[in-house]
Amino acid sequence: QYWLSQGTWIGGGDMRLGAFMGVALGWQKLLTALAIGYIIGAIVAIILLLKKQTSWKSKLPLGVFLSSSAIISLFWGEQIIRIYLDLLK
């Protein structure tokens with residue numbers, strides 16, 4: 001994402017946090033954490049937009065959502081992955 005957006009979507013801190021998450025969680029839980037982080041961030045952004053507390057041009061810090069999703073994935077990542085894979089059957 002950093003290279004695709006030339007640094008406008010995510011910053012260097014988000015990249016370093018993502019690298020740390022990958023080392024700490026492993027690739028499967030990392031993908032789970034990234035998906036959860038983006039979903040939580042999107043929900044928060046939609047709520048803020050609907051309440052007119054932010055605009056489309058505002059920036060939300062992704063690190064907050066990544067760190068909270070890393071904790072979720074650390075403790076419940078296996079169960080989330082299993083539920084997801086069961087849905088695909």
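Residues numbered from 1 in each chain as written. Predicted model: local features only at pLDDT ≥ 70, side-chain atom pairs only at ≥ 80, totals over all residues. Heavy atoms only, no water.

Trainee: If you had to explain a nonpolar patch on the surface to someone new, which residues and values would you point to?
Mentor: A cluster of nonpolar side chains, I71, L74, F75, W76 and I80, forms an exposed patch at the surface whose accessible area comes to about 520 Å². Positionally, L74 belongs in helix α4 (residues 62-88). For L74, a relative accessible area of 45% corresponds to the partly exposed category. (Patch = residues over 30% accessible without salt bridge, like charges linked within 9 Å, V, L, I, M, F, W, Y side chains within 5 Å. Areas by Shrake-Rupley, 256 points an atom, 1.4 Å probe, with all protein chains shown as cover. Salt bridge = Lys/Arg side-chain N within 4 Å of Asp/Glu carboxyl O. Helix = DSSP H or I, 4+ residues; strand = E, 2+ residues; numbered from the N terminus. Buried < 20%, exposed > 50% of the residue type's maximum accessible area, 1.4 Å probe, protein only.)

Trainee: I'd like a rundown of the layout of surface pockets, residues and numbers included.
Mentor: Each pocket or cavity is described by its volume, and for the largest pocket that value is around 630 Å³. In this structure, the largest pocket is lined by 22 residues; those nearest its centre are W9, S58, K59, L60 and L62. For the lining of the largest pocket, the elements supplying multiple residues, two or more each, are α3 (27-50) and α4. Top element by residues in the lining of the largest pocket is α3. It accounts for seven residues. A breakdown of the residues in the lining of the largest pocket according to their chemical character gives eleven nonpolar, nine polar and two charged. (1 Å grid on protein atoms, 1.4 Å probe; cavity = no way out; pocket = protein on both sides within 12 Å on 5 of 7 lines; lining within 4 Å. Points joined across faces, edges and corners; volume = space filled by probe spheres on them. Nonpolar A, V, L, I, M, F, W, Y, C, P; charged D, E, K, R; others polar.)

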